[in-house]
Amino acid sequence: MNSPDNSNIYRMERELAHSGRNAIVYIDEEHNADRPVTLHTYRSGAYTPGQPVVIVQHGMLRNGDEYRDFWIPAADKHKLLIIAPTFSDEAWPDVEHYNNGSVFSSTDGKPRAGDSWAYATVGRIVDCLRASGVVDHNKVYLFGHSAGGQFVHRLMSSQSHEPFHAVAPANAGWYTLPTFAHDFPEGMDGIGLNQQNLQRLFAYPMMILAGDQDVATDDPNLPSDAAALRQGPHRYARAHHYFETGKREAERLGVPFNWTLQTVPGIGHDGRAMSAACASLWFENRLPSDKELDALAGQHVA
């Protein structure tokens, strides 16, 4: 692990010293100096180092500020610090650089070094947060919805799990299957990953969240190429396909499988509602009530 950059540490220490919203520019000088990431943050008034920190990955709209705000009610209720790393279209254009992690070089099409992938940025952000003294390393949670759900489960397929206390991808458009039978991004082959990555992924208690109303087949933002369609007609089916593939592959290899698949009833492709459901599961050990879910349903926030 590289030492965190002092300029990033200083900005975090300064800007996160007080409660409320903020936006902090994070620059990965060693690996992606020309591609800044904006950290949209919220520190609840009761947060102190040692309280939980939630890293939130936005969807295809690159709206980290909105996703941060989706988590503010939970932050105020549970004394949280919210960090929403925002990968802008300008710095991280299109699906290849965000959803698919900037894995391949734009010059020769070959895989870049794994520590240069977009997914690796999150771990380095956590390192800086720890070094700033704002964050206790034992209580970092990771959530992503839609394109952020793609980002999060691919991060878990390829990067260290050490920073994270709990992880939940939600309503991903499609998945990188936990097998070397397909090249990335359909599978894990061809980018330097190995059986150790696969076994570590199966062993982690990852919670896959799936809204049971996320069943649209005509959404223009739903991946619809042949590889995605092989996983099912819609996001809800694809979450089940991913989970069952993981379970089957872990059984075939004879290794532990610790994932869970959590259906969120009555909720479709809605980042606000899925954020609230995840917060309730993590910090209250329950789904929101039927009444609470009814109030959240039908907002369709990507």
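The structure this text deals with has already been given above.
Here's what I pulled together on the structure shown here. (Residues numbered from 1 in each chain as written. Predicted model: local features only at pLDDT ≥ 70, side-chain atom pairs only at ≥ 80, totals over all residues. Heavy atoms only, no water.)

**Here's the deal with the pattern of salt bridges**
In total, this model carries 14 salt bridges according to the counting rule given. Across the salt bridge formed by glutamate 284 and lysine 77, the nearest N and O atoms sit 2.8 Å from each other. Within this pair, whereas glutamate 284 is found in helix α10 (residues 271–284), its partner lysine 77 is found in helix α3 (residues 72–78), the two being separated by 207 residues in sequence. Judged by its relative accessible area of 23%, glutamate 284 falls in the partly exposed class. Residue lysine 77 is classed as exposed on the basis of its relative accessible area of 54%. (Salt bridge = Lys/Arg side-chain N within 4 Å of Asp/Glu carboxyl O. Helix = DSSP H or I, 4+ residues; strand = E, 2+ residues; numbered from the N terminus. Buried < 20%, exposed > 50% of the residue type's maximum accessible area, 1.4 Å probe, protein only.)

**Some thoughts on the environment of threonine 86**
With respect to the helices and strands, the residue threonine 86 is situated in strand β4 (residues 81–86). Spatially, the C-alpha atom of threonine 86 lies 9.6 Å from that of tyrosine 67, the residues being 19 residues apart in sequence. Discounting chain neighbours no more than four positions away, the residues touching threonine 86 are Val37, Thr38, His40, His58, Arg62, Gly64 and Asp65. A polar contact is formed between the side chain of threonine 86 and the backbone oxygen of alanine 84, at a distance of 3.2 Å. (Contact = heavy atoms within 4.5 Å. Polar contact = N/O pair within 3.5 Å; in protein donor to acceptor, adjacent residues only side chain to side chain.)

**Let's talk about the pairing of β4**
Across a regular strand the side chains alternate sides, sitting on one face of the sheet and then on the other. The element β4 is extensively covered by neighbouring structure, given that six of its six residues are classed as buried. Judged by which residues are buried, β4 turns out to be covered on both faces: Leu81, Ile83 and Pro85 on one side and Ile82, Ala84 and Thr86 on the other are all buried. As paired elements, strand β2 (residues 32–43) and β4 share six bridges and run antiparallel to each other. Each bridged residue has a counterpart across the sheet, and for leucine 39 the counterpart in β4 is proline 85. Here three bridges tie strand β3 (residues 53–57) to β4, and the two strands are oriented parallel to one another. From the neighbouring strand, valine 54 faces β4, where its bridge partner is isoleucine 82. (Pairing = 2+ DSSP bridges.)

**Let's talk about the packing of aromatic side chains**
In the structure shown here, the tally under the stated rule is 18 aromatic pairs. Consider the rings of phenylalanine 87 and tryptophan 92, whose centres lie 5.1 Å apart with planes at 70°: the pair is edge-to-face. Looking at phenylalanine 87, the relative accessible area reads 0%, which means it is buried. Consider the rings of tyrosine 141 and phenylalanine 283, whose centres lie 4.9 Å apart with planes at 55°: the pair is tilted. Of this pair, tyrosine 141 sits in strand β5 (residues 140–145) while phenylalanine 283 sits in helix α10, placing them 142 residues apart in sequence. Pair check on accessibility: tyrosine 141 and phenylalanine 283 agree, each one buried. Each member of the aromatic cluster is reached from another via a ring pair, and the members are Tyr175, Phe202, Tyr242, Phe243, Phe257 and Trp259. Looking at arginine 35, its charged tip hangs above the ring of tryptophan 92, at a distance of 5.2 Å from the centre. (Phe/Tyr/Trp six-rings, centres within 6.5 Å; stacked < 30°, edge-to-face > 60°. Lys NZ or Arg CZ within 6 Å of the ring centre and 35° of its normal.)

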